[in-house]
Structure formats: C-alpha cells, structure tokens
Amino acid sequence: MHEHIRRSTALVAASEGSSGPDLLGGLLFGVKEPTHHVDWLVIPEQARGKGVGRALMAGAMRRAVSGASEANRR
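Rules behind the numbers
All chains use their own residue numbering, which begins from 1 and follows the written sequence. For this predicted model, a pLDDT threshold of at least 70 governs which residues receive local features, and a threshold of 80 or more governs which side-chain atom pairs are given and counted, while totals over whole chains, interfaces and linings are taken from all residues. For the side-chain quantities, the full set of heavy atoms in the structure was used; hydrogens and water were omitted. Only strands that DSSP links by at least two bridges are regarded as paired with each other. The helix count covers DSSP runs of H or I at least four residues long, the strand count covers runs of E at least two residues long, and both are numbered beginning at the N terminus. Axis lines are fitted through C-alpha atoms, for helices just across the contact stretch, and the angle between N-to-C directions can take any value from 0 to 180 degrees.

Visitor: Before we move on, could you go through the sheet that holds strand β2 (residues 20-32) and cite the residues and values that matter?
Guide: Here three strands make up an open sheet; going across it, the order is β1-β2-β3 and the pairing antiparallel. Two strands in the sheet have a free side with no partner beyond their single neighbour: β1 (10-17) and β3 (35-42). Along the sheet, successive strands turn relative to each other by an average axial angle of 20 degrees, direction set aside. Examined bridge by bridge, β2 and β3 share seven bridges and lie antiparallel to one another.

Below you can see the structure in the form of structure tokens.
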C-alpha cells in the first residue's frame, strides 16, 4: 500500500459526511509499460451503483497516461 501511495497509484473516493469524510471506495493500480493493471477496486455496498467505481477508474486512467508510468520508472 505504501508503495502505491508513493507512486501515486492509490486512489480513494470520499464524501463529506456529518461526522467527517465517508469512505466510498478505493483503487490500487500499477503500470509496467506497456501494460496497465488494476490491483484492486473496492466499493462498499452502500456506495455501489452511484458511479464511484467509474470515477476511480477514470482517475486511474488519467494518472496512468499523464505520469504514473514515469513514477514507476524510478
């Protein structure tokens, strides 16, 4: 997990709840050119069907294209 955070290949979706942030999902992905892969995608049952997974995947794809591949080369 710490390696994914260091490489900017860990994403978390949260919303602001009455008692602080509510976790809506998480995703870990990796890049080994020319392959990009999702290690895991977790969405709690109460957040499913609301586009959270789609948003996390879109964020991972943006990062992979724009710079995560460079981070993996370090």
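There is more to say after this.
Visitor: Before we move on, could you go through the pairing of β2 and cite the residues and values that matter?
Guide: Sheet topology places β1 next to β2; eight bridges connect them, and they run antiparallel. Bridge pairing in β2 links Glu16 to Pro21. Turn length for the β1-β2 hairpin, with the two strands adjacent in sequence and antiparallel, is two residues. The turn linking β2 back onto β3 is made up of two residues.

Keep in mind these numbers describe shape, not what the thing actually does.
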